[in-house]
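Given next are the chains, with one letter for each unit.
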Amino acid sequence: MLVSLNNIIADIGGGVIFFKQIVWQGLTKPCRLQEITDQTWKVTIQSMSTTAMAGFFVGGISTIQFTMQVKQFGALGYLGGLATSGTIREVGPLLIAFMLSGKVGAYTSAELGTMKVTEQIDAIRCLGANPMQELILPRFLGIISSSFFLLVAGLLMSVLGGLLMGIFFAGINVHEYLRHIPTIVAGGSVLSGLFKCFVFAVVLATICTYKGYSASGGAKGVGKAVVNTAVATMVGIVVADWLTSVIGDSVTMVYLGM
Amino acid sequence: MIEFKSVVKRFGDRTILKGVSFEAKQGEILFILGTSGTGKSVLLKNIVGLLKPTSGEIWIDGEEVSQFTENEYFRIRKKCGMVFQHPALFDSLTVFENVAYGIRKHRPETTEEEIEARVKKCLSLVHLHGIENKKPAEISYGMQKRVSLARTVAVDPTMLLFDEPTTGLDPVTTNAINQLIFDLSRELKTTSLVVSHDMHCALDIADRIMVLDKGEVIEEGTPEDLKNSEQPLVKDFLMEIV
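Calculation criteria
- Residues numbered from 1 in each chain as written.
- Chains lettered and ligands numbered in written order.
- Predicted model: local features only at pLDDT ≥ 70, side-chain atom pairs only at ≥ 80, totals over all residues.
- Heavy atoms only, no water.
- Core = buried A, V, L, I, M, F, W, Y, C linked by side-chain atoms within 4.5 Å.
- Buried < 20%, exposed > 50% of the residue type's maximum accessible area, 1.4 Å probe, protein only.
- Helix = DSSP H or I, 4+ residues; strand = E, 2+ residues; numbered from the N terminus.
- Contact = heavy atoms within 4.5 Å.
- Salt bridge = Lys/Arg side-chain N within 4 Å of Asp/Glu carboxyl O.
- Pairing = 2+ DSSP bridges.
- Axes fitted to C-alpha atoms, helices over the stretch in contact; angles between N-to-C directions.
- Buried area = accessible area lost by both parts, 1.4 Å probe.
- Polar contact = N/O pair within 3.5 Å; in protein donor to acceptor, adjacent residues only side chain to side chain.
- Phe/Tyr/Trp six-rings, centres within 6.5 Å; stacked < 30°, edge-to-face > 60°.
- pLDDT = per-residue confidence, 0-100.
- Expected span 1.5 Å × (residues − 1).
- Patch = residues over 30% accessible without salt bridge, like charges linked within 9 Å, V, L, I, M, F, W, Y side chains within 5 Å.
- Areas by Shrake-Rupley, 256 points an atom, 1.4 Å probe, with all protein chains shown as cover.
- Lys, Arg positive; Asp, Glu negative; His and termini not counted.
- Charge placed at Lys NZ, Arg CZ, Asp CG, Glu CD.

Asker: Before we go on, may I ask you to explain the nonpolar core in this structure?
Answerer: Here is a general trend for soluble globular proteins: nonpolar side chains tend to be buried in one another's company. Judged by nonpolar contacts, the single largest core of 83 residues is most densely connected at F4(B), L43(B), I47(B), L161(B) and L193(B). The greatest single-element share of this core, amounting to 12 residues, is contributed by helix 5 (residues 131-170) of chain A. Ignoring any residue separated from it by four or fewer positions in sequence, one finds F4(B) in contact with V20(B), S21(B), F22(B), L43(B), N46(B), I47(B), E57(B) and I58(B). Counting residues in hydrophobic clusters, the runner-up holds 45 residues, among them F96(B), C122(B), I131(B) and L238(B).

Set out below in structure tokens:
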């Protein structure tokens, strides 16, 4: 028990130090813009279809759930606004993070882990390059920037999914569904969603690059790194969600003078 | 010239190198033999700064490098080319780009025409032609090893470090690689350290052989000296080739 707790603390410490190294690398010797755009394109294309599909169904589910609630109060007109607000503030960023975690997080961890155990990273160092600059930083920034593109795509699809459910399940028309979206989805909701999306992407990018880069012990070590990445990113994202919610609520209360 | 003075390397409570001292003279081929897990690869990685010694001194061309930073090691890695146990080629790059990689990083002033000529020359040194546009996955393991060798010599190192260069190869390719190590070392006049457990090859091409056991140097000398050694481990190695 104590040993595993010790390992978890050491792992978190290692991740924080690794994050610091990435930030330092980015500030002192950043990578080329082309490398970041390549990674962003790769990650976005890899995950676009699954994110869009998941967004569509999540939007639909939100609408179904809200329909049951708002019908009781005869407030079906607010259905679109409520479902969209919930998706933008919470479900959207969380969904994108989980999607990226399962697909890009595991892929990045396996790719870097394989490079580590087959001595490709050592070779990069011996050939006069810096692996942090050549490998880690472009992937780290690529995951973060692509998460915003995926968030937008996922949210648009969720609105579409919600709209279709609104029409077929709740029986309201397009105009009625869209009418209260601008009034309920305020700037704060959008900012909150973007902030959460950024924090989740940073957590995910740090964990998957760290786990891959520190893999050792051949194929078994790579497998272990991928499993650890999946577990750590899920836990990390949920903890980050809780933290950002607490911080967000506190900031809102201070802002409103409550 | 490479010199180790009482180098100790520990990982946690495990001591891998226990005060290793030796010298590799300019232009010689030094084989480091030993069974698996005796610290041969760790020794090589200490030379190029992939690992740092716990204590002791490492001298390269008159400079003590053991406390060098990653940036300071850049200069040393330019001089010491390392061929890894795995081919360690970059999967996403072509053979040409793999060989050109080190030139671009170590010698950024090199023009594209010069890089092209250098890559072709290095590939021909390892007897490879017409594979420049192939990806590593499209060529055999033996060819990958030779591309790895070409990539290392492409930056014009004065010292070559080979980490078990023939592991996992068939006997024919093993002989070809061993011959290449000998030819390249003589042609490029490099100091070559070859980590291996192939006594047959060591006796054939080494100028000197050093035997490492449990992190300590137990025997050192010319191939002839080794043949007359009384060390049980050396005798075991010699028995294998009889």
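Asker: Explain the side chain of S85(A) here, please?
Answerer: Tracing the backbone shows S85(A) in helix 3 (residues 79-117). Discounting residues that sit within four places of it in the chain, S85(A) has contacts with I184(A), V185(A) and S189(A).

Asker: Help me understand the pattern of salt bridges in this model?
Answerer: Oppositely charged side chains are able to pair whenever their charged atoms sit close together. For the structure on display, the rule yields 22 salt bridges over all chains. The salt bridge partner of E111(A) is K42(A), with a shortest N-O separation of 3.9 Å. With E111(A) in helix 3 and K42(A) in helix 2 (residues 33-72), this pair connects stretches of sequence that are 69 residues apart. The class for E111(A) is partly exposed, based on a relative accessible area of 21%. By relative accessible area, which is 30% here, K42(A) ends up partly exposed. Here K40(B) makes a salt bridge to E164(B), at a shortest N to O gap of 3.8 Å. In this pair, K40(B) sits in helix 1 (residues 40-47) while E164(B) sits in the loop between strand 7 (159-163) and helix 6 (171-188), placing the two residues 124 residues apart along the sequence. With respect to burial, K40(B) and E164(B) carry one shared label: buried. Salt bridges here are not isolated pairs; linked through shared partners, they connect K42(A), E111(A) and R139(A).

Asker: Mind showing me how you'd approach the sheet that holds strand 8 (residues 191-196) of chain B here?
Answerer: Where strands meet in a sheet, backbone hydrogen bonds hold them as pairs that are either parallel or antiparallel. All names here are of chain B. Read across the open sheet, the 6 strands follow the order 6-7-8-3-9-10; overall the sheet is mixed. Because the sheet does not close on itself, it has two edges, and the strands there are strand 6 (80-83) and strand 10 (216-221). Strand-to-strand twist across the sheet, computed as the mean angle between neighbouring axes with direction ignored, equals 15°. Judged from the 5 bridges that link them, strand 7 and strand 8 form a sheet pairing that is parallel. Residue pairing for strand 8: L160 is matched across the bridge by S192. The sheet contacts of helix 2 (residues 70-79) involve strand 6 and strand 7, and relative to strand 6 the element is tilted by about 70°.

Asker: What am I meant to see in the interface of chain B and chain A here?
Answerer: Interfaces are often sized by the amount of accessible area the parts lose when they come together. Listed by partner, the interface residues are 22 residues for chain B and 14 residues for chain A. Of the roughly 1600 Å² buried where chain B meets chain A, counting both sides, 54% is carbon and sulfur surface. Linking chain B to chain A there are 4 salt bridges. Its salt-bridge partner being K45(B), residue D122(A) comes within 3.7 Å of it at the nearest N-O pair. Put simply, chain B and chain A have 8 residue pairs in polar contact (both at pLDDT 80 or more) between them. Secondary-structure elements contributing two or more residues to the side of chain B that touches chain A are helix 2 and helix 3 (95-106) of chain B.

Asker: Where do I start with the packing of aromatic side chains in this structure?
Answerer: The geometry of an aromatic ring pair is captured by two quantities: the separation of the ring centres and the angle between the planes. Residue and element names in this part refer to chain A. Per the stated rule, a full pass over the model turns up 7 aromatic pairs over all chains. Seen from their ring centres, F18 and Y213 are 5.6 Å apart, and the 40° between their planes marks the pair as tilted. Within this pair, whereas F18 is found in helix 1 (residues 2-28), its partner Y213 is found in helix 8 (residues 187-213), the two being separated by 195 residues in sequence. Residues F18 and Y213 agree in their burial class; the two are buried. Between F56 and F57, the aromatic rings sit 5.4 Å apart at their centres with planes inclined by 85°, giving edge-to-face as the arrangement. For F56, a relative accessible area of 23% translates into the label partly exposed. What links up through ring pairs into an aromatic cluster is the set F18, Y210 and Y213.

Asker: Before we go on, may I ask you to explain unusual backbone geometry in this structure?
Answerer: Trans peptide bonds make up the majority, and among non-glycine residues the majority have a negative phi. Residue and element names in this part refer to chain B. With a phi angle near 50°, D61 is a residue other than glycine that sits in the positive phi range. Turning to its location among the elements, D61 is positioned in the loop between strand 4 (55-60) and strand 5 (63-64). Classification of D61 by relative accessible area gives partly exposed; the value is 35%. Unusually for a residue other than glycine, K214 sits at a positive phi of about 50°. Residue classification places K214 among the exposed residues on the basis of a relative accessible area of 58%.

Asker: What's the story with the environment of S192(B) in this structure? I'm lost.
Answerer: All names here are of chain B. Assignment of secondary structure puts S192 in strand 8. It is 9.9 Å that separates the C-alpha atoms of S192 and M82, two residues lying 110 residues apart in sequence. In this structure S192 touches E28, I29, L30, L160, F162 and S185, once residues within four positions along its chain are discounted. Within the structure, S192 has its side chain in polar contact with the side chain of T190 (distance 3.3 Å).

Asker: So what exactly am I meant to see when it comes to the confidence of the model for chain A here?
Answerer: When pLDDT drops low, the exact placement of atoms in the prediction is not to be read closely. Put simply, chain A has an average pLDDT of 89, and 99% of its residues get 70 or more. Mean pLDDT values for the elements of chain A range from 85 in helix 7 (residues 181-184) of chain A up to 93 in helix 4 (residues 120-126) of chain A.

Asker: How should I be thinking about helix 8 of chain A in this particular structure?
Answerer: One full turn of an α-helix is made of 3.6 residues, so residues set three or four places apart face in the same direction. Over its 27 residues, helix 8 of chain A runs 38 Å from end to end, which matches the ideal 39 Å to within 8%, given 1.5 Å per residue. Across the 27 residues that make up helix 8 of chain A, a large majority, 19, are buried.

Asker: Whenever I open this one, a negative patch on the surface confuses me. Can you help?
Answerer: Residues E109(B), E113(B), E114(B) and E116(B) make up a contiguous surface patch of negative charge. Assignment of secondary structure puts E116(B) in helix 4 (residues 112-125).

Asker: What exactly am I supposed to notice about the sheet that holds strand 5 of chain B here?
Answerer: Residues and elements named next belong to chain B. Strand order in the open sheet made by the 4 strands is 2-1-4-5, with antiparallel pairing throughout. Here the strands that pair on one side only, and so sit at the sheet edges, are strand 2 (14-24) and strand 5. In this structure, strand 1 (residues 2-11) lies alongside strand 4, joined through 5 bridges in antiparallel fashion. Following the sheet pairing, E3 is matched in strand 4 by W59. Its contacts with the sheet place helix 1 against strand 1, strand 2 and strand 4, and it is angled at close to 115° to strand 1.

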